[in-house]
Amino acid sequence: MSRQRLRRSLGYLWAAPCSLPGLLLAALLLSCGGRAQWQQGVLEVALPPWRWLRRLPFAAITLGHVILGLDLATLAALRAHEQVHVRQFRRWGVLLLLAYPAASLWQWLRGRRPYWDNPFEVQARRLSGTPPEPRQPADE
Ligand SMILES: [Zn+2]
């Protein structure tokens, strides 16, 4: 086994505790009409076309090596961003499930925006070239 292949395999193993819940959700969504595709070593799952799902507070979410998105077009549009989160899961493993909300809480406690100022999101936007944060409301 080449070193690169070994490293890739270890990344899947290290992120597996996060990928497993993603796979369970994927199985549920697929049984309800969702669609799946394999892209760049990651299982991408488009949610079933139910209107109420459009009200979710996110367009896509990454759990280990599983990305759940509203539809295939959204998955394609956000692929580079979500792939950065996949790399974060490969690096942090299950610790990311603690580090991410802790980082959001820390931002909130500092009076900043829990999502937009979360360093994991900042890194994902920076490395993926996805659209920057929305306009700031005018300072009071
Ligand atoms: Zn993100």
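Since this is a predicted model, take the numbers as computed values, not measurements.

Our focus in this paragraph is the coordination of the zinc ion. Protein-derived ligands of the zinc ion are His81 (NE2), His85 (NE2), Glu121 (OE) and Glu121 (OE), with the metal-ligand distances lying across 2.0 to 2.7 Å. In this structure, the zinc ion is coordinated by four donor atoms arranged in irregular fashion, with angles at the metal of 53 to 150°. Motif for the zinc ion, donor spacing along one chain: H-x3-H-x35-E. Of this pair, His81 sits in helix α2 (residues 72-92) while Glu121 sits in helix α4 (residues 119-128), placing them 40 residues apart in sequence. Judged by relative accessible area, which is 4%, Glu121 ranks as buried.

Turning our attention to the environment of Leu30. Following the sequence through the fold, Leu30 ends up in helix α1 (residues 3-31). The class of Leu30 is partly exposed, set by a relative accessible area of 36%. For Leu30, the contacting residues outside a window of four places in its chain are Arg35, Ala36 and Val45.

Attention now moves to the pairing of strand β1 (residues 35-39). Sheet topology note: the β1/strand β2 (residues 42-46) ladder contains five bridges and is antiparallel. If you follow Gln37 over to β2, its bridge partner there is Glu44. The hairpin turn running from β1 into β2, its antiparallel successor, is two residues long, and Gln40 in that turn takes a positive phi close to 50°.

As a volume, the largest pocket reaches approximately 550 Å³. If you trace the largest pocket, you find 23 residues lining it, with Ala60, Glu82, His85, Tyr115 and Glu121 closest to the centre. Looking at the lining of the largest pocket, the elements that each hand over two or more residues are β3 (60-63), α2, α3 (96-109) and α4. Per-element accounting of the lining of the largest pocket gives the leading share, six residues, to α2. A per-class count over the lining of the largest pocket returns 15 nonpolar, five polar and three charged.

On to the UniProt feature "transmembrane region" (unreviewed entry) in the protein. Sequence positions flagged by UniProt for "transmembrane region" (unreviewed entry) are, in local numbering, residues 12-36, 56-80 and 92-109. Helix makes up 36% of residues 56-80 and strand 32%, whereas the separation of the span's terminal C-alpha atoms amounts to 21 Å. In this annotation, residues 92-109 is assigned 83% helix and 0% strand; the end-to-end C-alpha distance for the span is 23 Å.

Turning our eyes to something else, we now look at the side chain of Gln107. Relative to the elements of secondary structure, Gln107 occurs in helix α3. Here Gln107 is in contact with Arg112, Arg113, Pro114, Asp117, Asn118 and Pro119, once residues within four sequence places are set aside.

Attention now goes to the side chain of Ser104. Mapped onto the elements of the fold, Ser104 is located in helix α3. For Ser104, a relative accessible area of 13% corresponds to the buried category.

Two elements in contact, α3 and α4, have axes separated by 8 Å at closest approach and are oriented at 100°. Taken together, the axes of α3 and α4 lie roughly perpendicular to each other. On α4, the residues that touch Leu96, Ala99, Tyr100, Ala103 and Gln107 of α3 are Pro119, Phe120 and Glu121. Tallied by class, residues from the contact of α3 with α4 come to six nonpolar, one polar and one charged.

Reading the values: the criteria
Counting restarts for each chain: residues are numbered from 1 in the order of the written sequence. Residues qualify for local features only when their pLDDT is at least 70, as the model is predicted, and side-chain atom pairs are given and counted only at 80 or more; totals for whole chains, interfaces and linings, by contrast, use all residues. For side-chain calculations, the full set of non-hydrogen atoms in the structure is used, while hydrogens and water are omitted. Here a donor is any nitrogen, oxygen or sulfur atom (N, O, S) within 2.8 Å of the metal, with 3.2 Å used for Na, K and Ca; water is not among the atoms considered, so some sites may look incomplete. Here a site with four donors is tetrahedral if all angles are between 85 and 135 degrees, and a site with four or six donors is square planar or octahedral if opposite donors are over 155 degrees apart and the other angles are between 65 and 115; anything else gets the irregular label. Runs of H or I in DSSP of at least four residues are treated as helices and runs of E of at least two as strands, each being numbered from the N terminus. Exposure classes here rest on a 1.4 Å probe applied to the protein chains alone. A residue is buried below 20% of its type maximum, exposed above 50%, and partly exposed in between. Only heavy atoms matter for contacts: two residues are in contact if any of them lie within 4.5 Å across the pair. When DSSP locates at least two bridges between a pair of strands, those strands are taken to pair. Only protein atoms enter the calculation, which uses a 1 Å grid: trapped sets of points that fit a 1.4 Å probe without letting it out are cavities, open sets showing protein on both sides within 12 Å along at least five of seven lines are pockets, and any residue with an atom within 4 Å of a point is a lining residue. Grid points are joined across faces, edges and corners, and a volume is the space filled by probe spheres set on the points. Each residue receives one of three labels: charged for Asp, Glu, Lys and Arg, nonpolar for Ala, Val, Leu, Ile, Met, Phe, Trp, Tyr, Cys and Pro, and polar for the others, Gly being one of them. UniProt positions are given in the numbering used here, feature names are shortened, and annotations may be inferred rather than shown by experiment. Axes, fitted as lines to C-alpha atoms, cover a helix only where it is in contact. Angles between the N-to-C directions of the axes lie from 0 to 180 degrees. Under this scheme an angle from 65 to 115 degrees is roughly perpendicular, one under 35 degrees roughly parallel, and one over 145 degrees roughly antiparallel; angles in between are oblique.

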